[in-house]
Amino acid sequence: MSLRKYWIATISKEHADLAKKGGFIQVCHGKEKPLKRMKKNDFLLIYSSKIKMEYDEKCQTFTAVGKVIDDEVYQFKMKEDFIPFRRNILFLDSEEISIIPLIESLEFISDKKYWGYPFRYGFFEIKENDFKFIASKMISNNTLVDL
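Here is a short report on the structure shown in this document. Only a predicted model underlies this, so the values are computations on that prediction, with no experimental measurement involved.

Quick word on the pattern of salt bridges
Side chains bearing opposite charge may pair, as long as their charged atoms lie close to each other.
For step 1, the next point in the chain: Per the counting criterion, the structure on display carries nine salt bridges.
For step 2, the next point in the chain: With its nearest N and O atoms 3.0 Å apart, the salt bridge here joins glutamate 96 to lysine 13. In this pair, glutamate 96 is assigned in the loop between β5 (85-91) and β6 (97-98) and lysine 13 in helix α1 (residues 13-22), connecting sequence segments 83 residues apart.
For step 3, the next point in the chain: On the basis of relative accessible area, glutamate 96 is assigned to the partly exposed category, the value being 34%.
For step 4, the next point in the chain: For glutamate 80, the salt bridge identified is with lysine 77, shortest N-O distance 3.2 Å.
For step 5, the next point in the chain: Here lysine 77 falls in the partly exposed class, since its relative accessible area comes to 47%.
For step 6, the next point in the chain: One continuous salt-bridge network, built from bridges that share partners, spans Lys13, Asp17, Lys20 and Glu96.

Considerations on the packing of aromatic side chains
For step 1, the next point in the chain: Tallying each qualifying case throughout the model produces eleven aromatic pairs.
For step 2, the next point in the chain: Centre to centre, the rings of tyrosine 6 and phenylalanine 131 are 5.0 Å apart; their planes meet at 35 degrees, and the pair counts as tilted. One end of the pair, tyrosine 6, is in strand β1 (residues 6-10); the other, phenylalanine 131, is in helix α3 (residues 128-138), with 125 residues separating them in the sequence.
For step 3, the next point in the chain: Phenylalanine 131 gets classed as buried once you look at its relative accessible area, which sits at 0%.
For step 4, the next point in the chain: Here tryptophan 7 and phenylalanine 123 contribute two aromatic rings whose centre-to-centre distance is 5.0 Å and whose plane-to-plane angle is 10 degrees, an arrangement assigned as stacked. Here the residue tryptophan 7 occupies a position in strand β1, and phenylalanine 123 occupies one in strand β7 (residues 123-126), the gap between them amounting to 116 residues.
For step 5, the next point in the chain: Since its relative accessible area comes to 1%, tryptophan 7 is described here as buried.
For step 6, the next point in the chain: Aromatic ring contacts, followed pair by pair, group Tyr47, Phe62, Phe108, Phe119 and Phe124 into a single cluster.
For step 7, the next point in the chain: Above the face of the phenylalanine 24 ring, arginine 86 is positioned so that its terminal group lies 3.6 Å from the ring centre.

Observations concerning the nonpolar core
For step 1, the next point in the chain: Formed by 23 residues in total, the largest nonpolar core has its most connected members in Ile8, Leu45, Phe62, Ile99, Phe108 and Phe119.
For step 2, the next point in the chain: Looking at this core, the elements with two or more residues in it are β1, β3 (43-50), β4 (58-75), β7 and α3.
For step 3, the next point in the chain: If one sorts the elements of this core by residue count, α3 sits on top with four residues.
For step 4, the next point in the chain: Not counting residues within four places of it along the chain, the set of residues in contact with phenylalanine 108 comprises Ile8, Pro118, Phe119, Phe124, Ile126, Asp130 and Ile134.

Side note on a nonpolar patch on the surface
For step 1, the next point in the chain: Residues Tyr114, Tyr117 and Tyr121 make up a contiguous nonpolar surface patch of about 410 Å² in total accessible area.
For step 2, the next point in the chain: By the secondary structure assignment, tyrosine 121 is in the loop between β6 and β7.

Rules behind the numbers
- Residues numbered from 1 in each chain as written.
- Predicted model: local features only at pLDDT ≥ 70, side-chain atom pairs only at ≥ 80, totals over all residues.
- Heavy atoms only, no water.
- Salt bridge = Lys/Arg side-chain N within 4 Å of Asp/Glu carboxyl O.
- Helix = DSSP H or I, 4+ residues; strand = E, 2+ residues; numbered from the N terminus.
- Buried < 20%, exposed > 50% of the residue type's maximum accessible area, 1.4 Å probe, protein only.
- Phe/Tyr/Trp six-rings, centres within 6.5 Å; stacked < 30°, edge-to-face > 60°.
- Lys NZ or Arg CZ within 6 Å of the ring centre and 35° of its normal.
- Core = buried A, V, L, I, M, F, W, Y, C linked by side-chain atoms within 4.5 Å.
- Contact = heavy atoms within 4.5 Å.
- Patch = residues over 30% accessible without salt bridge, like charges linked within 9 Å, V, L, I, M, F, W, Y side chains within 5 Å.
- Areas by Shrake-Rupley, 256 points an atom, 1.4 Å probe, with all protein chains shown as cover.

Just geometry here; none of it tells us what the structure is for.
So this is what it looks like as C-alpha cells:
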C-alpha cells in the first residue's frame, strides 16, 4: 500500500492558471490546515468549476496535474490584508479535460446525479485509481509511467 496520497483542489481556472505559472497551490481562501494534510511526493489535481471565482461562468474542467515538491507550508502576502498559505507544486505538462465524460467512471463521485457535490469542500483526498484515471486523460503516457 502506497503512503503517497492524491488530492483534488477546487479553484477557478483563473486561479489555476496563476498557480501553474507560479508553481504553488493555495486552497480554501488561503487556509493553512488543508495544505498541511499534503506531504512531499503527493499528487494533486486542480478542478475548476468556474472560469473566475467572482462569476458564475462554468468551466467544469480538470485544469492541472501536479506533485508536491517539499514539506513547506508558507505564507505569501498578496495584499496588505490578505496573506494566504501556499505549498510548492511541480506542475506537469498536461491538457485540460472536461469532467463530464469522466463522471460515470469516478469512484469518489458516489451520486452521479449530483456529481458536483464533492467539489464543494474545496480540497479533498481521492483514491489512487481515480487520480490515475483522470491523469491518464490529461498527460502523455511517457509522463504517466513516472507517476
